[in-house]
Amino acid sequence: MSLLEVAQSANTAFAEIPIVDLKCINDPDPELQQTLAKQIRDACINVGFFYVTNHGIPEQVIAAALKNMKTYFALPLETKRELDYTKTPNFKGYNAVLSSNNDPDGAGDMHEGFEFGWETLDESCATGASASKAGALDSRYTNDGSMAGANVWPDVPGFRASLLRYYHAAVGIGRNLFPLFARALDLAPGFFDDKTRNSAALMRVLHYPPQTGPIDERVIGIGAHTDFECFTILWQQPGIQALQVLNTHGEWIDAPSIPGTLVINLGDQFARWTNDVFKSTVHRAANRSGAERYSIPLFFGTDYDVLLEPIASCVSAERPSRYEAVTAGDYVKMRLQATYGH
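Scoring rules and cut-offs
Residues numbered from 1 in each chain as written. Predicted model: local features only at pLDDT ≥ 70, side-chain atom pairs only at ≥ 80, totals over all residues. Heavy atoms only, no water. Salt bridge = Lys/Arg side-chain N within 4 Å of Asp/Glu carboxyl O. Helix = DSSP H or I, 4+ residues; strand = E, 2+ residues; numbered from the N terminus. Buried < 20%, exposed > 50% of the residue type's maximum accessible area, 1.4 Å probe, protein only. Phe/Tyr/Trp six-rings, centres within 6.5 Å; stacked < 30°, edge-to-face > 60°. Lys NZ or Arg CZ within 6 Å of the ring centre and 35° of its normal.

Structural notes on the pattern of salt bridges
Per the counting criterion, the structure on display carries eight salt bridges. A salt bridge links Lys-80 to Glu-112, with the shortest nitrogen-to-oxygen separation between them at 2.9 Å. Of this pair, Lys-80 sits in helix α4 (residues 77-80) while Glu-112 sits in strand β4 (residues 112-116), placing them 32 residues apart in sequence. An identical accessibility class is assigned to Lys-80 and Glu-112; each is buried. Glu-119 is the partner of Arg-160 in a salt bridge, and the nearest nitrogen-oxygen pair spans 2.6 Å. Taken as a pair, Arg-160 in helix α6 (residues 159-184) and Glu-119 in the loop between β4 and α5 (123-127) lie far apart in primary sequence, 41 residues in all. In this structure, Arg-160 and Glu-119 share a single accessibility class: buried.

A short note on the environment of Arg-197
Tracing the sequence through the fold places Arg-197 in the loop between α6 and β5 (200-208). Taking relative accessible area as the criterion, Arg-197 reaches 57% and is therefore assigned exposed. As a C-alpha pair, Arg-197 and Thr-302 span 105 residues in sequence and 8.2 Å in three-dimensional space.

Some points on the packing of aromatic side chains
Scanning the model with the defined rule gives 24 aromatic pairs in all. On the numbers, 6.3 Å between centres and 65° between planes, the contact of Trp-118 with Tyr-167 is edge-to-face. Of the two residues, Trp-118 is situated in the loop between β4 and α5 and Tyr-167 in helix α6; the sequence distance between them amounts to 49 residues. Residue classification places Tyr-167 among the buried residues on the basis of a relative accessible area of 0%. Ring pairing ties together the aromatic residues Tyr-72, Phe-73, Tyr-94, Phe-114, Phe-116, Trp-118, Trp-153, Phe-159 and Tyr-167, which thus form one cluster. Over the aromatic face of Trp-252 sits the side chain of Arg-284, whose NZ or CZ is 4.1 Å from the ring centroid. Its end group placed over the ring of Tyr-208, Arg-293 keeps NZ or CZ at 4.9 Å from the ring centre.

Structure follows, in structure tokens:
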């Protein structure tokens, strides 16, 4: 079957999220690569979400990031707001509880977060030092188009270093996934190479306070939405159910934290690129566990100057182009402005 025939016969009324084992992701055997790409294609066409095992991020890297996240979010609100995202032109820094609203029908998102983008791992990271001016000479800051600008960092020892270690490990996963996504679309494995040279990857660390007692359904951890970029790499805190994914029957399907896994979900850039062959699926998170919840999404996109227009193999007379072309950076900035009103 052709790619479009497979998409036409998609079963999007899923009842669970598939699991893909990445243990062979770097194996040069083309048959193994094609088998893995087929599993990913099925997940992308039918669900838009999948778990990955054997992802390669060391547990100690995750644990260090979580420890420093907890330290940071425990700071007084006025201290965290010194780096509020409204003080930067590129949405980086801190956002307080209810300062974002992902669902237009909602009344605010019940989480706080801290966002940053590409920055090199330098000597201060190796020593764990705090570095408010670190990375100022990194030329990638000046090549981000609509999202240009350096990161900002709080003066919390270990925070920047531990988060950047996790960030670069997750970016490595993203780079390894792109050839598989290309194979899944019947393209050459290197199709995305010249479109992802500058790691247009934004990472957020999130804290979801518990919601107890009477709950306004318009205010949950993060309201129903789709993500902006090509795909998201998500670490979820073990033992706390929050993430839910919407199928085409209008049912919210739980995506619990499974030990040793990450969640991969597709975003709007891939949906636009593939003319909706790959699904950017609506999802939400509600922390009703009675406990604090933490998560780490890394949003991996194409370079910001890349034009998002449907891939030729995803368009036909029966499936004409569904989107106007737009650069990736302009699209991300438009979505962030809608979310934060800034």
